[in-house]
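Here is how the chains run, residue by residue.
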Amino acid sequence: NTVYLSDYTPFGFIVDSVALEFDLDPRHTRVKSRIAFRPNPDATDRRFFLHGENLRLISARIDGHDVTCTLTEEGLTCDVPDAPFIWEAEVEIAPIENTALEGLYMSNGMYCTQCEAEGFRKITYYPDRPDVMSVFTVTINGPHPVLLSNGNPVAATEHQAEWHDPWPKPAYLFALVAGDLVAHSDRFTTMNGREVDLNLYVRPGDEDKCAFGMQALKASMKWDEDVYGREYDLDLFNIVAVDDFNMGAMENKGLNIFNSSAVLASPQTSTDMNFERIEAIIAHEYFHNWTGNRITCRDWFQLCLKEGLTVFRDSQFTSDMRSAPVKRIADVIDLRARQFPEDQGPLSHPVRPESFQEINNFYTATVYEKGAEVIRMLKTLVGDEAYDRALALYFDRHDGQACTIEDWLKVFEDTTGRSLAQFKRWYSQAGTPRLKVSESWEDGILTLTFRQDTKPSAASPDPKPQIIPIATGLIGPDGEEVAETRILEMSEATQSFSFEGLARRPVPSILRGFSAPVMLEHDLSDADRTHLLAHDTDPFNRWESARTLARGSLLPMIHDGAGADPAFLDAIRKVVADDTLDPAYRALMLGLPTQSELAALIHAEGGTPMPEKIHAGVEAMRDAMAETFGDAAQRIRDTHLVSAPYDPGAEQAGQRSLANAMLSLITRRDGGAAAQAQFDSADNMTNQLAALAALLHIDRGSEALAAFEAQWKDDRLVMDKWFGLQVTQARPEEAASVAEALTDHPDFTWQTPNRFRAVFGALAMHHAGFHHASGKGYRLLADWLIRLDPKNPQTTARMCSAFQTWKRYDADRQALIAAELDRILSTPKLSRDTTEMLTRIRGAS
Ligand code: ARG
Ligand code: ZN
């Protein structure tokens, strides 16, 4: 049962109000609903169908009279009057048995919910679709000290709380939390003087991990006022941390629910990267209040309407709070690591998909991250000022509505008078365009000729040219910028742009800031790239030059065991030693493409990637870097050791990332002395974990590993790191056995998604380990996916993407993988989620 975008029709009824009453009990929770329906004048189909899954229907009444309903696995139908009516139902559910973590479930004795996308139907019968918006009143009865739902509290007695949310919302934004929780509280005064109470609810014992999240929340609220003019709209904003959660977090109106890994932080237990991620996720969920909640999606095909925009907004926020170039580079690294493989493999789909079987399978890097890239391009094309006006119009025109991508593009068309018909292909066409550029030079004129090409895919068999904004500048032979960034707007399959009046031939710096999510192919000599690496004024492209040089140098090392290119090593050493540059940026300069990215590159060039050779090549490059830096590594590290008290802000984090990058080089030459010393004296998780990783990498980490476990055995978030790091740092031939041994550990609580992902996410990311020729990695993951699927289809299905790149590899590996895919697929009662993912992965060529 595939659902199609083209089949959309509005629901036959309007919901004027919803009242819910919960009597909480682990096995026998009763949910009473009282819903006011009236015929929808804009709809032609008046069949009354309510979604409902795994519900025990106790009673159903219309206008006070019992009605007989026809029940199916998916919901119910019954006859209803052709006039407004009141629907009342009572159902029973068993939250303790809900291991899928969708609907109402329990985690460590607390009740919580996850309703996006289609989880509300596991709570009661309802038109569970985002275009049905209504005002909710919720009563919760239970013996718990904290009873929460959306909106504002209206009444509370000892074992009862009543909540009212005045803002109409779709059911996917409903939330309920009940438990023995403690609040970390604060306050925010909005731009118009509204006083908002802020609470971060956590389990007792986690109180010391709340301060940072709260700061991030206040910063987000302020930023959305300053930059987008968006004010918060309730008296209260609550966040709850939950240990068992399928995703990062959820933007339920006034009651955001977070995976505890995405909100709890302390210097001793969280790394700088954790802090940055937490700040971004808090912002993301908060920003959804306007982009998602006040303006929501008409149907789930429009998911990128809220997610692309909200990811774009949170990336702007992080750029403002921290370093814009560092954030941009980090985002592109992430896009290439997660979105490009999706877009170039069997799971390829447009930013706005046109069909699906299970919507949870489309919370993807394409919808989220490429969706954000598309908005970034739109802003580049229309300009900052027009972007601001278009957004103001969007909020004004569509507040309170459930919208489409057409609505979104129309506000840009109406503000700028420009047609976005061709630009819209970014939403409808799958695949990553390749952008080839050639140069010609004559009479002081440099002409750049671009050709765009998108590989046909099952999702887009006949791709058409897209609008590509190509930010380009020119760097002269002496390193001076002879032309500032100009946006070349490409719309044809092939198109030329000229720069005139040039005295000498410059080196073009193309696709500055990664102005479009494409694969650029620019045949520059190493000398020209090194020139850009030294002189480009665009920090992104400067970094990109280093990346491209690294790739070029790595390929011969991988293919024929060549040594590292001394010119490359020297160029890198120079930028990294340049004290005028931001330390975080210098640390990024040292990064290499991931092994998976190298495999994709080799595959794209017509070769067959051999994971063990890629691994050996990268290791040899790291050793060569360690040699090249020599004692300079120690000097750079010393200069950037932080002596001030720990602060998670960008400045100190940058110092630590550079110092720890040096530590990993030093550890390759000193037998682990420096890393052991750092491990023994570290007073923050960033330094402790970096030292442990360095030691494990050279196989000198067993004592530190035991000490780490003894120190942190009671902290589940830190223990996730302990589980994951052992796999990450294992030698390729041992990665699967290490993972397997960890599954026997008494703390391997595999039904908690964070712990499952700690081990198996790390295994899937360990390129040479997962793809080891023995096939043990494939087998182990398949075993555990088969085990997890009946408990938690969503997390199982997400982890299937580990196999999405399988067609890149040699015939032996493909055969091993195919066997595992078929084995999982033949499992009786496999979930719809996992079935859809695996058939897509297995099927396409
Ligand atoms: N809307 C949430 C966010 O991006 C993600 C929730 C996804 N949940 C799911 N079951 N697919 O912040
Ligand atoms: Zn989101």
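Shown above is the structure to which this text applies.
Since the model is a prediction, treat every value here as computed from it, not as a measurement.

A. Representation of the pairing of strand β15 (residues 160-169). Of the pairings in the sheet, the one linking strand β12 (residues 134-141) to β15 comprises seven bridges and is antiparallel in character. The residue bridging T139 from the neighbouring strand is E162, located in β15. Alignment of strand β14 (residues 152-157) against β15, held across five bridges, turns out to be antiparallel. Each bridged residue has a counterpart across the sheet, and for P153 the counterpart in β15 is W163. Here β14 folds back onto β15, and the loop between the two strands holds two residues.

B. Spatial organisation of the site of ligand 1. Inspection of the region around ligand 1 gives 15 residues, with E116, E251, E285, E307 and Y368 positioned closest. In the model, an oxygen atom of ligand 1 is placed 2.6 Å from a nitrogen or oxygen of the Y368 side chain. Look at ligand 1: alone it shows 350 Å² of surface, and the protein chains cover 97% of it. Contributing elements (two or more residues each) for the shell around ligand 1: β20 (249-250), α2 (272-287) and α3 (303-321). Split into classes, the residues belonging to the shell around ligand 1 amount to five nonpolar, five polar and five charged.

C. Highlighting the nonpolar core. Membership of the largest hydrophobic core comes to 264 residues, with the highest contact counts inside it found for F22, W87, W408 and F423. Setting aside residues no more than four positions away along its own chain, F423 makes contact with V374, M377, L378, L381, L409 and I467.

D. Spotlight on the coordination of the zinc ion (ligand 2). Around the zinc ion (ligand 2), the donor atoms from the protein are H284 (NE2), H288 (NE2), E307 (OE) and E307 (OE), and they sit 1.9 to 2.8 Å away. Given six donor atoms and angles of 45 to 160° at the metal, the environment of the zinc ion (ligand 2) is assigned as irregular. Sequence spacing of the donors to the zinc ion (ligand 2): H-x3-H-x18-E. In this pair, H284 is assigned in helix α2 and E307 in helix α3, connecting sequence segments 23 residues apart. One exposure class covers both H284 and E307, and it is buried.

E. Expanded view of α2. Along its 16 residues, α2 runs 23 Å from first to last C-alpha, staying within 8% of the 22 Å computed at 1.5 Å per residue. Most of α2 sits inside the fold, with 12 of its 16 residues counted as buried. Along α2, the positions that sit buried rather than exposed are D272, F275, I278, E279, A280, I281, I282, A283, H284, E285, Y286 and F287.

F. View of the sheet that holds strand β28 (residues 481-490). A sheet is described by the order of its strands in space; here three strands give the open sequence β28-β27-β30, paired in antiparallel fashion. Two strands lie at the open edges of the sheet, namely β28 and β30 (507-510), each paired on one side alone. When the angles between neighbouring strand axes are averaged without regard to direction, this sheet yields 25°. Looking at chain direction, strand β27 (residues 468-475) and β28 are connected through seven bridges and run antiparallel. Looking across to β28, one finds that I475 is bridged to E481.

What counts and how
Residues numbered from 1 in each chain as written. Chains lettered and ligands numbered in written order. Predicted model: local features only at pLDDT ≥ 70, side-chain atom pairs only at ≥ 80, totals over all residues. Heavy atoms only, no water. Pairing = 2+ DSSP bridges. Helix = DSSP H or I, 4+ residues; strand = E, 2+ residues; numbered from the N terminus. Near = heavy atom within 4 Å. Polar contact = N/O pair within 3.5 Å; in protein donor to acceptor, adjacent residues only side chain to side chain. Areas by Shrake-Rupley, 256 points an atom, 1.4 Å probe, with all protein chains shown as cover. Nonpolar A, V, L, I, M, F, W, Y, C, P; charged D, E, K, R; others polar. Core = buried A, V, L, I, M, F, W, Y, C linked by side-chain atoms within 4.5 Å. Buried < 20%, exposed > 50% of the residue type's maximum accessible area, 1.4 Å probe, protein only. Contact = heavy atoms within 4.5 Å. Donors = N, O, S within 2.8 Å, 3.2 Å for Na, K, Ca; no water. Tetrahedral: all angles 85-135°; square planar, octahedral: opposite > 155°, others 65-115°. Expected span 1.5 Å × (residues − 1). Axes fitted to C-alpha atoms, helices over the stretch in contact; angles between N-to-C directions.

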